[in-house]
Structure formats: C-alpha cells, structure tokens
Amino acid sequence: MVPPGTSLNVWDSLDANGPPQFIWHRPVDGSRVVFLLGAFDPPTRAHVAILDAASRSEGLPGALCLTKELLAREGDVLIPPRDRVELLDRIAVVRHFGLGIANRGTYLDVGRACLVHGIEPTFVIGSDKLAQLADPSFYPDGMRGVTATFEELSFLVVPREGSAVDRDDVRVLDASDVFPDDRTMGISSTEVRRRALAGGGLTGLVPPEVVASVEGYTAAR
C-alpha cells in the first residue's frame, strides 16, 4: 500500500503515455477483485451502489480504480485528479473497498496491468459503457483491441436506462439488486458535476462522507 501522504507522488509518477501500470493505494486481500473503473469526478452514490452489489454478487472484495488517462470525458473538471485520490480513499475506508490507480484508460490496459501483479480483475460497468468497449477507435490496434477486451477480461454489466445489453459474453446484474431506489439509478458524475458547478446542493447524490468536501470545490470557484 502507498503510505499516507504520498498519493501526489504516486499520481505524478504515472505516465499516461507510458506502458500500462497499476498501483495499489489501498489493497484488498486475495488475488481476485471486482473493480469499478472511472474518473470519479465526483464519486457518486451510484458508484458505491454498483460496486457494493457487484462485490456481493461475486463474493469478492471490491475496489475503486482511478485512471489517469481519461477517455471520452465530457464537461468541466470539478475536482482536481490528485484530490480525488484522497476522496476515494475516504470512501474506501468507510465502505471497506480497495483503491487502485492506473495510468491508462482502457479496460484492456488496466486489466493487463493488474494481471502482471497477479490480480485477476472482474470489471463492473454500466450498460452504457458497452458501446465504448466495442469502439475500435479507443484502441491502437482497432478491432483487435475490441476482441482482446472481451476475450481476456470478465465483465459484470448493470443495465442503465436507454442502453441495452446486446452481448452474450458478459454477465448481467439485476438493476433492482444494485440500486436502492430509482433515484440512485439515474445519478451520473456528468450531471452531478453540472449541478455542482451551477451551485446546486449535492446531498443524496454523492456519498455522505464526501458531501462537504465536494461542495467545497464549488464554493472556491
């Protein structure tokens, strides 16, 4: 595990253009892990609900994984990436999650980097992510990257409204087992970020342990 106070150095040490790397910030026991990958700007209650449900479903520890390279990112930045490490660590402590950091943005890069360290990842994703995973433009070798992603990695998919699960090589979680209510199901980082930047309150949208911190970033603008 990275010692407290060194997260900035860890973040800075990862080269988004270098070979795929994965570093534990807060490790979990065992080699098989369910990961939720993302930018987490900000981390939301939906993120927590998805990882909780996937971890229970698999009977495996769950871990958040922040990526330094961002793919198809929309909108303004709310929380500086380095600060997200500390917020995610706070969530990880309270929710008993692991926390890792990766330099590359594709699931294939992160998965291969994990395997180098003897970690067997299962990635939990929303069904809206399936289109990105199957888009050859995100891979340097095009369709070979798409094929390798689904051949080499395991995915648990949470159905999201408007995004059908149209593959038979992934496993699907029942959305009713993931989200405590429909309001949580509809939460997205993009919409929360827009609300925050417009001065709206975030109670009920982000984990309670980070509400004050996240609202502090909007107050400072």
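Preceding this paragraph is the structure being described.
Okay, so let's go over this structure.

Thresholds, definitions, all that
Residues numbered from 1 in each chain as written. Predicted model: local features only at pLDDT ≥ 70, side-chain atom pairs only at ≥ 80, totals over all residues. Heavy atoms only, no water. Helix = DSSP H or I, 4+ residues; strand = E, 2+ residues; numbered from the N terminus. Rg over C-alpha atoms; globule rule 2.2 N^0.38 Å. Buried < 20%, exposed > 50% of the residue type's maximum accessible area, 1.4 Å probe, protein only. Contact = heavy atoms within 4.5 Å. Areas by Shrake-Rupley, 256 points an atom, 1.4 Å probe, with all protein chains shown as cover. Lys, Arg positive; Asp, Glu negative; His and termini not counted. Charge placed at Lys NZ, Arg CZ, Asp CG, Glu CD. Pairing = 2+ DSSP bridges. Axes fitted to C-alpha atoms, helices over the stretch in contact; angles between N-to-C directions.

**A closer look at the overall build of the protein chain**
No. 1: What the protein chain contains, in helices and strands, is 10 helices and 7 strands.
No. 2: Compactness check: the protein chain gives a C-alpha radius of gyration of 16 Å against a globular reference of 17 Å for 221 residues, within 12% of the reference.
No. 3: Each of the three principal axes of the protein chain carries a C-alpha extent, and together these read 45 × 40 × 35 Å.
No. 4: The burial tally for the protein chain puts 48% of its 221 residues in the buried class.
No. 5: Contacts in the protein chain between residues far apart in sequence, at least 24 positions, make up 73% of those at least 6 positions apart.
No. 6: When the accessible surface of the protein chain is summed, it comes to about 10,400 Å², and 49% of that surface belongs to carbon and sulfur atoms.
No. 7: Across the protein chain, the 22 positively charged side chains and the 30 negatively charged ones have centroids separated by 4 Å.

**Brief notes about unusual backbone geometry**
No. 1: For the bond from Asp41 to Pro42, the omega torsion is 0°, close enough to zero to count as cis.
No. 2: Looking at where Pro42 falls in the secondary structure, it is placed in the loop between strand E2 (32-38) and helix H2 (45-58).
No. 3: The phi angle at Phe40 is positive, at roughly 55°, despite the residue not being glycine.
No. 4: Of note in this structure, His96 is not a glycine but carries a positive phi near 60°.
No. 5: Locating His96 in the fold gives a position in the loop between helix H3 (81-95) and strand E4 (98-102).

**What to know about the sheet that holds strand E3 (residues 62-67)**
Pairing between the strands of a sheet comes from backbone hydrogen bonds, and it takes one of two forms, parallel or antiparallel.
No. 1: Overall, mixed pairing links the 7 strands, which are arranged E1-E4-E3-E2-E5-E6-E7 in an open sheet. Because the sheet does not close on itself, it has two edges, and the strands there are strand E1 (22-26) and strand E7 (171-172).
No. 2: As defined by bridge partners, strand E6 (residues 154-158) adjoins E7 across 2 bridges and the pair is classed as parallel. Of the residues in E7, the one forming a bridge with Val157 is Val172.
No. 3: Packed on one face of the sheet, H2 meets E2, E3, strand E5 (120-126), E6 and E7 and runs near 160° to E2.
No. 4: The strands touched by helix H4 (residues 107-116) within the sheet are E1, E2, E3, E4, E5 and E6, with E5 carrying the most contacts at an inclination of about 155°.

**Quick look at H4**
No. 1: For H4, a buried count of 7 out of 10 residues is recorded, marking the element as mostly surrounded by other parts of the structure.
No. 2: Taken together, the buried positions of H4 are Tyr107, Leu108, Asp109, Val110, Gly111, Ala113 and Cys114.
No. 3: Gly118 occupies a position one or two residues after H4 and carries a positive phi of about 80°.

So far we have only geometry, and geometry alone does not tell us how the molecule works.
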